[in-house]
Amino acid sequence: MSQPNILDAPRELPKPVLELSARLEERGIRSFSHGEGLLDDLRADRGSGMHGAIETDRGAARSLLCEASSAKILRALPRAVVTGEGASRITQATTAGPVDLVATGGDDTEQTLLAFGLGPLCFGFRPADGSWCDPADQRSAYGEGRLELATTDPNPFVVAPRRYWIAARLIAERGLEVSPDLLAAAIDGFPEIEERLPQAAPARRELSRILAARRPGPAFALLRASGVAAALFPGTREVNEARIGDLPALPALRWAAWLRGSATARALVRFRVPHALARRIERLQRSHPIERCVGEGRDLGVRRLLQRHDGEEIDALFAWRRLELAAAADPKETIEGEARLAAIELRIQEAKATEERTGQVRTLPVDGRAVMAILGTGPGRHVGQALAHLARFVSENPDANERAVLEKELRRWATKNTNLLD
């Protein structure tokens, strides 16, 4: 996916970050805007946040690559704090948010950038003079929509296995295509690092962002081709991965659709998925496909569905099933499936209306005993019908929910329905 104007100057940094960069420059420390904050600034639409993600107001963290030792940076910014191992990363608070300062130490800037491995992270922009540092010409590749490696020797995935997750996320969020060299390096390196691949919360955070993106399918294709999918989440299906981007942007639904067919409970534990989210994922999987969940013509199934899921989840279940039906090889299956779903939607509407009337009956100042006393009758089906009529009457006349008014209305109703009182 080509990104026009990628070679132009990026959007201007927020004023507090520009001031921070200028302060470093005044102390002889050249600084370069770098990383995913810079990628956000290079976006053609100049919008905020990630491409097509659920959390569209969430922008990438700011990062400045600094030509200095960590000690020199700390002397220039005495209020900054060390946040990386060996003081390789220092963080400075600003009114625009925290800014990570990456120290090059004794290495020159070009070597430091190359060490990031993945092309979009291997160039920087110097605000002080508007110059670029791009030792592997990765701005051109990124502008043309390719995810490349800045170097293949040594294999960047072997050097830092977390790059499997980062590469997949960059593909999903930035709309990139994998270069042949990167794919080959990912495949070749996986057997060597399989035991070292980050899992638990670090992997879950990356997977959540992949699932939230507009086009997660190509990212999962990389994980599948490299061997990550078979090793960590066996049973997941390529066809599900391709459809995730067309599903509603509900995190639990996308997790449920992706893990469908795998050992979901084991995967949720492996990635330390928060308990509340894990429960929603498992509930959605149990209720899919929705027509099997509710059964044929059984009110009990619909009531259980309404008790188990809120409106957003029910809408998501319909969307998930319709996406599958639309891809059916036999058009007859699609037509019949849509008819079943339409019938279920009608049953759900009827069940909600019944529940609403029941709730209204519970709030009436008269109950079944009062109805029998007022009408001078015994028990029978007329009692429920009378209460249902009063509930409808109150729904149309909210100010009429008083005993005297309802007694009058009940007697009027009884004179018109004498056949029910026999």
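Counting of residues starts from 1 at the beginning of each chain's written sequence and follows it residue by residue. Under the rules for a predicted model, residues below a pLDDT of 70 receive no local features and side-chain atom pairs below 80 are neither given nor counted, while totals for whole chains, interfaces and linings still include all residues. To get the side-chain values, take all heavy atoms of the structure and skip hydrogens and water.

Colleague: For this particular structure, what's the right way to read the sheet that holds strand E3 (residues 81-82)?
Modeller: Backbone-to-backbone hydrogen bonds join strands into a sheet, with any given pair of strands oriented parallel or antiparallel. Taken together, 7 strands build an open sheet; the order of strands is E3-E4-E5-E2-E1-E6-E7 and the sheet is mixed. Each of the sheet's edge strands pairs with one partner strand only, and the pair in question is E3 and strand E7 (131-133). Inspection of the sheet shows E3 paired to strand E4 (residues 89-92) by 2 bridges, in the antiparallel sense. Residue pairing for E4: Val82 is matched across the bridge by Ile90. Residues are treated as being in contact if the distance between any of their heavy atoms lies within 4.5 Å. Orientation is described by lines fitted to C-alpha atoms, with helices fitted over the stretch in contact, and by angles between N-to-C directions that extend from 0 to 180 degrees. The helix and strand labels rest on DSSP assignments: H or I over at least four residues marks a helix, E over at least two residues marks a strand, and numbering proceeds from the N terminus. Sheet contacts for helix H1 (residues 15-26): strand E1 (31-34), strand E2 (62-66), E4, strand E5 (99-103) and strand E6 (124-126); angle to E2, the most-contacted strand, approximately 10 degrees. The rule for pairing is simple: two strands pair if DSSP sees at least two bridges between them.

Colleague: In this structure, what is going on with the environment of Arg89? I would like to understand it.
Modeller: With respect to the secondary-structure elements, Arg89 resides in strand E4. For every residue, the accessible area (1.4 Å probe, protein chains only) is compared with the maximum for its type, and the residue is labelled buried under 20%, exposed over 50%, or partly exposed between those bounds. The exposure class assigned to Arg89 is partly exposed, which follows from its relative accessible area of 33%. When the C-alpha positions of Arg89 and Ile210 are compared, they lie 25 Å apart, and in sequence the two are 121 residues distant. For Arg89, the residues in contact, after removing those within four places along its chain, are Val81, Val82, Thr83, Gly84, Asp100 and Leu101. Of note is the side chain of Arg89, whose polar atom sits 2.7 Å from the backbone oxygen of Thr83. Definition of a polar contact: a pair of N or O atoms within 3.5 Å, with one able to donate and the other able to accept a hydrogen when the atoms are protein atoms, and with sequence-neighbouring residues admitted only if both atoms are side-chain atoms.

Colleague: Hey, could you run me through helix H13 (residues 251-259) in this one?
Modeller: Residue pairs spaced three or four apart in an α-helix point in one direction, given the helix's 3.6 residues per turn. Of all 9 residues making up H13, 8 are buried, and the element is well covered by its neighbours. Against helix H9 (200-212), helix H10 (217-226), helix H12 (238-243), helix H14 (264-270), helix H15 (275-286) and helix H18 (311-326) lie the buried residues of H13.

Colleague: In this structure, what is going on with the pairing of E1? I would like to understand it.
Modeller: Successive residues of a regular strand alternate their side chains across the two faces of the sheet. Burial along E1 is two-sided: the residues Ser31 and Ser33 and Phe32 and His34 are all buried. Bridging between E1 and E2 involves 3 bridges; their strand directions are antiparallel. Each bridged residue has a counterpart across the sheet, and for Ser33 the counterpart in E2 is Leu64. Relative to E6, E1 runs antiparallel, the two being bridged by 2 bridges. What sits directly across from His34, in E6, is Gly124.

Colleague: Can you walk me through the confidence of the model for the protein in this structure?
Modeller: For any part of a model where pLDDT is low, the fine detail of the predicted coordinates should not be relied upon. Confidence of the predictor in every single residue is expressed as pLDDT, which spans 0 to 100. Confidence in the prediction of the protein, expressed as mean pLDDT, is 88, and 91% of residues score 70 or more. Low pLDDT, under 50, characterises residues 1-5; the predicted model gives this stretch 14 contacts beyond four residues in sequence or across chains. This model gives residues 45-57 a pLDDT under 50, and the stretch forms 32 contacts once residues within four places in sequence are excluded.

Colleague: Would you explain the packing of H9 against H13 in this entry?
Modeller: When two helices pack together, you describe them by how their axes are tilted relative to each other and by the distance separating the axes. For the pair H9 and H13, the least separation of the axes is 10 Å and the interaxial angle reads 100 degrees. Overall, the two elements H9 and H13 adopt an arrangement that is roughly perpendicular. Between H9 and H13, the residues in contact are Arg204, Leu207, Ser208, Leu211 and Ala212 and Arg254, Trp255 and Trp258, respectively. Here the residues of the contact of H9 with H13 sort into 5 nonpolar, 1 polar and 2 charged. Each angle receives one of four descriptions, namely roughly parallel if under 35 degrees, roughly antiparallel if over 145, roughly perpendicular if within 65 to 115, and oblique otherwise. Polar here means any residue other than Ala, Val, Leu, Ile, Met, Phe, Trp, Tyr, Cys and Pro, which are nonpolar, and Asp, Glu, Lys and Arg, which are charged; Gly is therefore polar.

Colleague: Honestly, a positive patch on the surface in this entry has me stumped. Any pointers?
Modeller: Distance thresholds for patches are 9 Å for like charges and 5 Å for nonpolar side chains (Val, Leu, Ile, Met, Phe, Trp, Tyr), applied to residues having over 30% relative accessible area and no salt bridge. Values of accessible area rely on a 1.4 Å probe in the Shrake-Rupley scheme; residue burial ignores everything except the protein chains shown. By definition, a salt bridge exists where a carboxyl oxygen of Asp or Glu is found within 4 Å of a side-chain nitrogen of Lys or Arg. For the purpose of counting charges, residues Lys and Arg are taken to be positive, whereas Asp and Glu are taken to be negative. His and the chain ends are not included. By convention, charge coordinates are those of NZ in Lys, CZ in Arg, CG in Asp, or CD in Glu. Residues Arg286, Arg303, Arg304 and Arg308 make up a contiguous surface patch of positive charge. Among the elements that line the positive patch, the one with the most residues is helix H17 (residues 299-308), at 3 residues. Judged by relative accessible area, Arg308 falls into the partly exposed class, the value being 30%.

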